[in-house]
Amino acid sequence: MSEASESPLRLSWRRFTADRFAVAAAGVVVLFVLAALFAPWISPQDPNDSDLLRRLQPPVWMEGGEWAYALGCDALGRDLLSRIIHGTRISIFIGAAVVLIATGLGIVTGLLSGYLGGWVDRPQAPLRAILEAYPCPHFPVRLMGMMGPGL
């Protein structure tokens, strides 16, 4: 089958699978999503149980490390591997929520601006200019500073 007669989806899939780095990256993402979904069943310890006798326990490859606490323990004696596995749930949820909300808002405002024109588009222009002028990496850091810790 020639490239011109292939559907765009099939062509994209063939190009994707031909790129080993892309397939490996997708595999890592799938692995993290699966770890997040099955976190309660695959984490070796309870992520919130603290044992002060195990505080600052080293990882398994260092002297004094145990396989039961493969990445060691933090200052309160909590298992780091379990906390990382459970932390992926929050990270993936927040990332997916931000993408879905931003996409939805962008589609709605773009459609309204394009269809209705001037009176809808005019108030949005200064906001877009501010967002485009502000350095992207600084925005989330400053937002976290304003909002404080938590979800």
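Preceding this paragraph is the structure being described.
Please read these numbers as outputs of a predicted model, since none were measured by experiment.

## Here we look at the side chain of serine 43
Alright, step 1. In this structure, serine 43 sits in the loop between helix H3 (39-42) and helix H4 (80-116).
Alright, step 2. Of the residues examined, serine 43 reaches a relative accessible area of 12% and is grouped as buried.
Alright, step 3. A distance of 3.2 Å separates the side chain of serine 43 from the side chain of histidine 86, its partner in a polar contact.
Alright, step 4. Discounting residues that sit within four places of it in the chain, serine 43 has contacts with Ser82, Ile85 and His86.

## Re the pattern of salt bridges
Alright, step 1. In total, this model carries four salt bridges according to the counting rule given.
Alright, step 2. With a closest N to O distance of 2.8 Å, glutamate 6 and arginine 14 form a salt bridge.
Alright, step 3. With a relative accessible area of 39%, arginine 14 lands in the partly exposed category.
Alright, step 4. A network of salt bridges, in which partner residues are shared, links Asp51, Arg54 and Glu66.

Calculation notes
- Residues numbered from 1 in each chain as written.
- Predicted model: local features only at pLDDT ≥ 70, side-chain atom pairs only at ≥ 80, totals over all residues.
- Heavy atoms only, no water.
- Helix = DSSP H or I, 4+ residues; strand = E, 2+ residues; numbered from the N terminus.
- Buried < 20%, exposed > 50% of the residue type's maximum accessible area, 1.4 Å probe, protein only.
- Polar contact = N/O pair within 3.5 Å; in protein donor to acceptor, adjacent residues only side chain to side chain.
- Contact = heavy atoms within 4.5 Å.
- Salt bridge = Lys/Arg side-chain N within 4 Å of Asp/Glu carboxyl O.

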